[in-house]
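# Overview (structure and organization)
Each chain is listed here by its residues.
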Amino acid sequence: MDEKQLRERAERLDKLGLEWELFAVDHQSTSIEVRQQEVDALKSSRNQGISLRVREEGRIGFSFSTTLDDASFERMVEQARASARAFEPNEFASFAEAGTGVPELDLVEAGPARSTEEAIEVARLIERTALGADPRVKRVRKASHSQSDGWEWLLNSHGLFRAARSTFYSASVLAIAEENGENESGGEFGFGRSAGDIDPETIGREAARRAVSGLGGSSLSTGVRTVVFENRVVTSLLGVLSGSFLGESVQRNRSLLAGKLDQSIM
C-alpha cells in the first residue's frame with residue numbers, strides 16, 4: 001500500500017459526489033518468545049487495511065477491507081453507503097478540514113531496527129536476568145520481545161491529507177518464584193519508540209522482584225483500612241471508567257460523567 005494507490009481511490013470517490021474519509025495502515029512486525037533460552041515462537045507479519053467513512057444526508061456509514069484491488073474497493077464503497085442508510089442523522093458527525101493542525105510527534109526510531117538475531121538475544125537476556133536475580137525464582141513462563149514499523153494515512157473529501165510513520169518496541173517476562181511449597185508469579189514489561197527504550201536487565205530483575213514479593217503473604221480480616229495503590233493498579237481501576245471519558249459517550253448521554261461539568265467526581 002502506498003500514497004499513489006490511496007490518491008487513485010480518492011479520485012474515484014470524488015466522482016461519486018459524496019463526503020468521504022479514508023484511513024489506511026501498513027505495518028510490518030516481528031515477535032519472539034523464548035523459553036529456557038530456546039526460541040519457542042517467532043512470528044513475522046504484515047498488517048494492511050483500509051477503512052472508509054461516507055457521509056450522506058447527515059448519516060455516517062463505515063466499511064473496511066484488507067485488500068486494495070478494484071473489486072474489494074467497489075464492494076467497500078457500497079457497504080459504507082448501505083451502512084449510512086441504516087443510521088439516523090448525527091449532527092455531531094463531520095470530517096476534519098484541510099487546515100486542521102496536528103502536532104509534530106517523534107514516533108520513529110532514528111537508527112536501524114534490531115535484526116532477528118538481536119531481538120532473540122534481548123529475550124534471552126531478559127530470561128537469564130529474571131532467573132539470576134533471586135534463587136527463589138525457579139522458572140520463567142516466557143520472555144518475549146516484539147518490534148514493528150509502519151505507516152498510517154488519513155485523507156478526506158475536504159482536502160485533508162496526513163501521513164505518519166511510527167516504530168514500536170516492547171518486551172515482557174513472567175517469572176515464577178517458589179518457597180516452602182508456595183509459588184507466586186510476577187511480570188514486568190517495557191515499551192517505547194526505539195530499541196534503546198527497552199532495558200532487558202531491568203525488566204528481568206523487576207519481574208523477579210514482583211514474584212518474590214508475593215511470597216509469604218497472608219489474608220487480613222475484614223475492616224476499613226488505609227490502602228496505598230501502586231500506579232499500575234490505579235490505571236486498571238481508571239480503565240473501568242475509560243469509556244465515560246470519551247466525548248462521543250457524553251454527547252450520546254452514555255457517560256456516567258454527563259452533566260457533571262465543573263463538578264468534583266473523585
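Below you will find a few notes about this structure. Just so it is clear, the structure is predicted and the values come from calculations on it, not from any experiment.

### So, the overall build of the chain
Along its length, the chain carries six helices and six strands. Computed over C-alpha atoms, the radius of gyration of the chain comes to 24 Å, more than 25% over the 18 Å expected from 2.2 N^0.38 for 266 residues, which places it beyond the range of a compact globule. For the chain, the spread of C-alpha atoms along the principal axes amounts to about 70 × 50 × 30 Å. Out of the 266 residues in the chain, the part that is buried amounts to 33%. Across the chain, the fraction of contacts at a sequence separation of at least 24, relative to all contacts at a separation of at least 6, is 63%. Total accessible area on the chain is roughly 16,600 Å²; 50% of this is exposed by carbon and sulfur atoms.

### A word on the nonpolar core
By size, the foremost hydrophobic cluster in this structure holds 20 residues, and its most contacted members are Leu13, Trp20, Leu22, Ile50, Leu52, Val54 and Leu155. Of all the secondary-structure elements, those providing two or more residues to this core are helix H1 (3-14), strand E1 (19-35), strand E2 (38-56), helix H2 (70-85) and strand E4 (137-156). Looking at this core, the element that brings in the most residues is H2, giving five residues. When near neighbours in sequence (up to four residues on either side) are disregarded, Leu155 contacts Leu6, Ala10, Trp20, Glu21, Leu22, Leu160 and Phe161. In terms of nonpolar packing, the next biggest core, distinct from the first, is built from 19 residues, Val140, Ala171, Val173 and Leu215 among them.

### Overview of H1
Look at H1: 16 Å from first C-alpha to last across twelve residues, which is about the 16 Å you get at 1.5 Å a residue. Among the residues of H1, those classed as buried are Leu6, Arg9, Ala10 and Leu13. In an axial view of H1, the angular spread of the buried residues amounts to 105°, which keeps them on one side of the axis. With respect to the buried face of H1, the exposed residues turned more than 90 degrees away are Lys4 and Glu11.

### A word on the packing of helix H3 (residues 116-132) against helix H4 (residues 200-213)
Put simply, H3 and H4 touch, their axes get as near as 7 Å, and they point 35° apart. Note on packing geometry: the crossing formed by H3 with H4 is right-handed. For the pair formed by H3 and H4, the contact residues are Val122, Leu125, Ile126, Thr129 and Ala130 on the first element and Pro200, Glu201, Ile203, Gly204, Arg205 and Ala208 on the second. Looking at the contact of H3 with H4 residue by residue, the classes come out as seven nonpolar, two polar and two charged.

### Some words on the packing of aromatic side chains
Enumeration according to the criterion identifies four aromatic pairs in this entry. Ring centres of Phe189 and Phe191 lie 6.1 Å apart, and the angle between their planes is 10°; this geometry places the pair in the stacked category. Taking the relative accessible area as the measure of exposure, Phe191 reaches 52% and is therefore exposed. Ring pairs connect the aromatic residues Phe168, Phe189 and Phe191, which therefore count as one cluster. Note that Arg7 overlies the ring of Phe161, its terminal NZ or CZ placed 4.0 Å from the centroid.

### A short note on the environment of Glu74
Structurally, Glu74 can be placed in helix H2. The spacing of Glu74 and Val140 is 66 residues in sequence and 50 Å in space, taken between C-alpha atoms.

### What about H4?
Given 3.6 residues per turn, any residue in an α-helix points the same way as the ones three and four places further on. Compared with an ideal rise of 1.5 Å per residue, which puts 14 residues at 20 Å, H4 spans 20 Å between its outermost C-alpha atoms and is within 8% of the ideal. Of all the residues in H4, the buried ones are Pro200, Ile203, Gly204, Glu206, Ala207, Ala208, Arg210, Ala211 and Val212. Along its buried surface, H4 packs onto H3, E4, strand E5 (161-179), strand E6 (182-192) and helix H5 (231-239).

### Focus: the sheet that holds E1
Taking strand neighbours across the sheet as the criterion, the six strands line up as E3-E2-E1-E4-E5-E6 in an open arrangement whose pairing is antiparallel. Two strands lie at the open edges of the sheet, namely strand E3 (59-65) and E6, each paired on one side alone. When the angles between neighbouring strand axes are averaged without regard to direction, this sheet yields 20°. Alignment of E2 against E3, held across seven bridges, turns out to be antiparallel. Following the sheet pairing, Arg53 is matched in E3 by Phe62. Contacts from H2 reach E1, E2 and E3, with the element oriented near 150° to E3.

### Remarks on unusual backbone geometry
One non-glycine residue with positive phi stands out, namely Gln37, at about 65°. Secondary-structure assignment places Gln37 in the loop between E1 and E2.

Calculation rules
- Residues numbered from 1 in each chain as written.
- Predicted model: local features only at pLDDT ≥ 70, side-chain atom pairs only at ≥ 80, totals over all residues.
- Heavy atoms only, no water.
- Helix = DSSP H or I, 4+ residues; strand = E, 2+ residues; numbered from the N terminus.
- Rg over C-alpha atoms; globule rule 2.2 N^0.38 Å.
- Buried < 20%, exposed > 50% of the residue type's maximum accessible area, 1.4 Å probe, protein only.
- Contact = heavy atoms within 4.5 Å.
- Areas by Shrake-Rupley, 256 points an atom, 1.4 Å probe, with all protein chains shown as cover.
- Core = buried A, V, L, I, M, F, W, Y, C linked by side-chain atoms within 4.5 Å.
- Expected span 1.5 Å × (residues − 1).
- Arc of directions from axis to C-beta.
- Axes fitted to C-alpha atoms, helices over the stretch in contact; angles between N-to-C directions.
- Left-handed = near helix turned anticlockwise from the far one by under 90°.
- Nonpolar A, V, L, I, M, F, W, Y, C, P; charged D, E, K, R; others polar.
- Phe/Tyr/Trp six-rings, centres within 6.5 Å; stacked < 30°, edge-to-face > 60°.
- Lys NZ or Arg CZ within 6 Å of the ring centre and 35° of its normal.
- Pairing = 2+ DSSP bridges.

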